Protein chains: 2
Amino acid sequence: MPEELQRAKAPSIRDVARLAGVSHQTVSRVLNNHPSIRPETKQRVLDVMERLQYKPNRAARALVTSRSRTIGILSASSTQYGPASSIAAIEEAARASGYWVSTANIESVDARSIADGLAHLAAQGIEGLVVIAPQVRVFDTLAQLSIDVPYVSLQSTGRDPDHALSVDQIAGARMATRHLIGLGHRSIYHLAGPQDWIEAEARMRGFLEEMSAQDVPTTAPILGDWTADFGYWAGRELLTVRDFTAIFASNDQMALGLMHAVRDAGLEIPRDVSIIGFDDIPEAAHFWPPLTTVRQDFAELGRRCVALLLGDIEDWPDDQGGTIVPELIVRDSTGRPAF
Amino acid sequence: MPEELQRAKAPSIRDVARLAGVSHQTVSRVLNNHPSIRPETKQRVLDVMERLQYKPNRAARALVTSRSRTIGILSASSTQYGPASSIAAIEEAARASGYWVSTANIESVDARSIADGLAHLAAQGIEGLVVIAPQVRVFDTLAQLSIDVPYVSLQSTGRDPDHALSVDQIAGARMATRHLIGLGHRSIYHLAGPQDWIEAEARMRGFLEEMSAQDVPTTAPILGDWTADFGYWAGRELLTVRDFTAIFASNDQMALGLMHAVRDAGLEIPRDVSIIGFDDIPEAAHFWPPLTTVRQDFAELGRRCVALLLGDIEDWPDDQGGTIVPELIVRDSTGRPAF
DNA sequence: TCTCGGCATGTGCACGGTCACATTCGCCGG
DNA sequence: CCGGCGAATGTGACCGTGCACATGCCGAGA
């Protein structure tokens, strides 16, 4: 029997050291590629590592360095396209830099859930935090738990510019609004997102800014919840009066729901009503009609987010910072008003 | 000055022990709620913990117990609704059981990316693995890397029943197909998913089974890639011949693309063509027309997945196992064929 | 020739928990 | 009155790494 009780335990640096005929510290030096090591010694150690299938023990290293090399993500809506894309990009970028990513998804955004999620991440000793959730509440909780790590919010905000990163939501919202006004619309509603999402607030702000900049009378925005269901419901309500020619929805899902309601009412898009969305989810090009919207590069956002965070963690020089400019994608759901 | 150099370091069990006037081992016993400990002692220790804001150090514990309490997720399409929902549910269930979740998203499914992702998770000492990706390749790689942890695949498969968990894809596909046949369709195409996704294969199998069970002549399935773009493209191709009255798309996104192509060709759904999808993403109810589809409970899937995995890790008795039955959701995209 | 400095390497301890094995003490049965 | 047992607690080692410091060696400069 050539191999007996194989399922022993993983080799440690001392095992490697013994077989390579060096001290464990030399092995450690090879691992952290310390300069002062003779090439032949290094090679010998590397050979043994290969032979033994040696893998460094993360826990041991974390214990002694008190560095977890883990980034936490607190997300409130990870099933949506935008957040999910950013999360994937974050994970990838972090992995490329030798970091791990641990997520805490919270389904409701009450204080309790937020605290649970944050505590869970904190217990893991995260070195950085990415927040994709209504920030106001999260940051309050963050302060209460006295968690003190670099953090970045994946949203736009005026309050906390050092820690925010985002596609320029205001610019995007202004683009969308300008597009509608440019087509001749003067009665435009805005279907906003939940107001504790700074993202939603920024889009609303952009809408209002552009409306007043162009001297178009403004209507009160309607506060939604990002879902297509809400869009549908809001659309039905709005159509009972029908005092508008265009609607700017704060995301593509709500735009979809709106279009559904408009068609249900026997109206045509864009002949009777123009609709514009926000995000450019991959499906938007295939809606009926294909949706005019504002594209955000979520993946780029995720990557920059990691760069910002790691810059903070590892004390890199100033990052390029800045916001990402969104792009207006004109399709068929917007047109000139009928009258 | 009452508080000087506060930013010291986190308290350890020895700090707690000292202030509570007990040994560090007693503190450890409190942490692991060992039975033999006097209630008053326990309370004293707990009080000190509270006062010091003591938090156990995960790395130290992992080092000595050689248990990471971490579950890894390897995902190839985390931005899609289904996988994202399952991931969120997994994370939540794991957290409730005191486990952490670490994800590795791979954008391409080549051997290299898979190996990278798995190595990354392995380096972390995961105790269980969830795979949401084309399994064939993944499991080959898994074997090669000699990673030896309990794993579960979130898909249906005949090959590896002990490690798979899923909504019963075959049953769902048969439901969808039966629905079309029941409406009177006899020329039905199937737009399948990528064939190395066992999920896709199972749906295709269900389609073929039902077709032959009902003696309906079968056409060769078209192999897609899950995207709406592909659905649109495939739809255009199919419509150049137009020898069908219904299409069963393997997911809702492809169904959306198909509907787009059908409308582009000046046809009406379901009058000229019936279309049925799979998944019931939240948007499906607002497509035009609202999509008939097969609903999967992704969240339940994620929860059961964790139960299965933890059962394996912690040596629980047999789990309830079994598959989850999907549900046919009839909306307006399917109807009787015109002739 | 001796000292000094830098390179290559080794020695021992610390990190913060848990585990195996004492130790103390009170109580009970013979 | 003594031995034994179990409850409650303490002692020291150990997990796998990295760090501070020591050591030996070799070459250069005094």
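Here, every reference points to the structure presented above.
Residues numbered from 1 in each chain as written. Chains lettered and ligands numbered in written order. Predicted model: local features only at pLDDT ≥ 70, side-chain atom pairs only at ≥ 80, totals over all residues. Heavy atoms only, no water.

Draft legend 1. Molecular detail of the protein's contact with DNA strand D. Residues in close proximity to DNA strand D total 28 residues, the closest being Arg14, Gln25 and Tyr54 of chain A together with Thr26 and Thr41 of chain B. For DNA strand D, the fraction of atoms within 4 Å of the protein that belong to sugar or phosphate moieties is 54%. Here a phosphate oxygen of DNA strand D sits 2.9 Å away from a polar atom, N or O, in the side chain of Arg38 of chain B. Looking at the surface near DNA strand D, the elements that each hand over two or more residues are α1 (13-20), α2 (24-31) and α4 (58-65) of chain A together with α2 (24-31) and α4 (58-65) of chain B. Examining the composition of the surface near DNA strand D, we find that 5 residues originate from one element, α4 of chain A, more than from any other. (Near = heavy atom within 4 Å. Polar contact = N/O pair within 3.5 Å; in protein donor to acceptor, adjacent residues only side chain to side chain. Helix = DSSP H or I, 4+ residues; strand = E, 2+ residues; numbered from the N terminus.)

Draft legend 2. A look at the sheet that holds strand β8 (residues 274-276) of chain A. Residues and elements named next belong to chain A. Strand order in the open sheet formed by 4 strands is β6-β5-β7-β8, with parallel pairing between adjacent strands. Edge positions in the open sheet fall to β6 (222-223) and β8, since each of these has one partner strand only. Sheet analysis places strand β5 (residues 188-192) next to strand β7 (residues 246-249), joined by 4 bridges and oriented parallel. Directly across from His190, in β7, lies its bridge partner Phe248. Against the sheet, helix α10 (residues 228-239) touches β5, β6 and β7, its axis set at about 150° to β5. Along the sheet, helix α11 (residues 252-264) contacts β5, β7 and β8; its crossing angle with β8, the most-contacted strand, is approximately 165°. (Pairing = 2+ DSSP bridges. Contact = heavy atoms within 4.5 Å. Axes fitted to C-alpha atoms, helices over the stretch in contact; angles between N-to-C directions.)

Draft legend 3. Local environment of the interface of chain B and chain A. Taken together, the contacts link 50 residues of chain B with 50 residues of chain A. Carbon and sulfur atoms make up 54% of the surface buried where chain B meets chain A, a total of about 4100 Å² over both sides. Contact with chain A buries surface across chain B, with Arg95, His286 and Trp288 of chain B losing the most and accounting together for 17% of the total. At the junction of chain B and chain A, the tally comes to 0 salt bridges. Along the contact surface separating chain B from chain A lie 16 residue pairs in polar contact (both at pLDDT 80 or more). Counting only elements with at least two residues in the side of chain B that touches chain A, the list comes to α4, α5 (81-96), β2 (100-105), α6 (111-122), α10 (228-239) and α11 (252-264) of chain B. The greatest single-element share of the side of chain B that touches chain A, amounting to 8 residues, is contributed by α5 of chain B. Its residues placed into classes, the side of chain B that touches chain A shows 22 nonpolar, 16 polar and 12 charged. (Buried area = accessible area lost by both parts, 1.4 Å probe. Salt bridge = Lys/Arg side-chain N within 4 Å of Asp/Glu carboxyl O. Nonpolar A, V, L, I, M, F, W, Y, C, P; charged D, E, K, R; others polar.)

Draft legend 4. Spotlight on the relation of the copies chain B and chain A. For the match of chain B to chain A, the screw axis carries a shift of 0.0 Å, the RMSD comes to 0.1 Å, and the turn is 180°. Look at the turn and shift together and you get a two-fold axis relating the two. Both copies share a contact surface, since 100% of the interface residues of chain B are interface residues in chain A too. (Least-squares fit on C-alpha atoms with pLDDT ≥ 70 in both.)

Draft legend 5. Structural detail: the side chain of Ser68 of chain B. Residue and element names in this part refer to chain B. Considering the arrangement of structural elements, one finds Ser68 in the loop between α4 and β1 (70-75). At 2.5 Å, the side chain of Ser68 forms a polar contact with the backbone oxygen of Gly125. For Ser68, the contacting residues outside a window of four places in its chain are Arg58, Ala62, Trp100, Gln124, Gly125, Ile126 and Glu127.

Draft legend 6. Highlighting the packing of aromatic side chains. In this structure the tally under the stated criterion is 12 aromatic pairs over all chains. Relative to Phe278 of chain A, the ring of Phe248 of chain A has its centre 6.3 Å away and its plane inclined at 35°; by these criteria the two rings are tilted. Separated by 30 residues along the polypeptide, Phe248 of chain A in strand β7 and Phe278 of chain A in the loop between β8 and β9 (293-295) bring together distant segments of the chain. This pair shows no difference in class: Phe248 of chain A is buried, exactly as Phe278 of chain A is. Their ring planes at 80° and their centres at 6.1 Å tell us that Trp197 of chain B and Trp226 of chain B sit as a pair that is edge-to-face. (Phe/Tyr/Trp six-rings, centres within 6.5 Å; stacked < 30°, edge-to-face > 60°. Buried < 20%, exposed > 50% of the residue type's maximum accessible area, 1.4 Å probe, protein only.)

Draft legend 7. The sheet that holds strand β7 (residues 246-249) of chain B, seen in detail. All names here are of chain B. The strand order across the open sheet built from 4 strands is β6-β5-β7-β8, with neighbouring strands paired in parallel fashion. With one partner strand each, in any of the chains shown, β6 (222-223) and β8 (274-276) form the two edges of the open sheet. Helix-sheet contacts for α10 involve β5 (188-192), β6 and β7, and the interaxial angle to β5 is about 150°. The sheet strands contacting α11 are β5, β7 and β8, and the helix crosses β8 at an angle near 165°.

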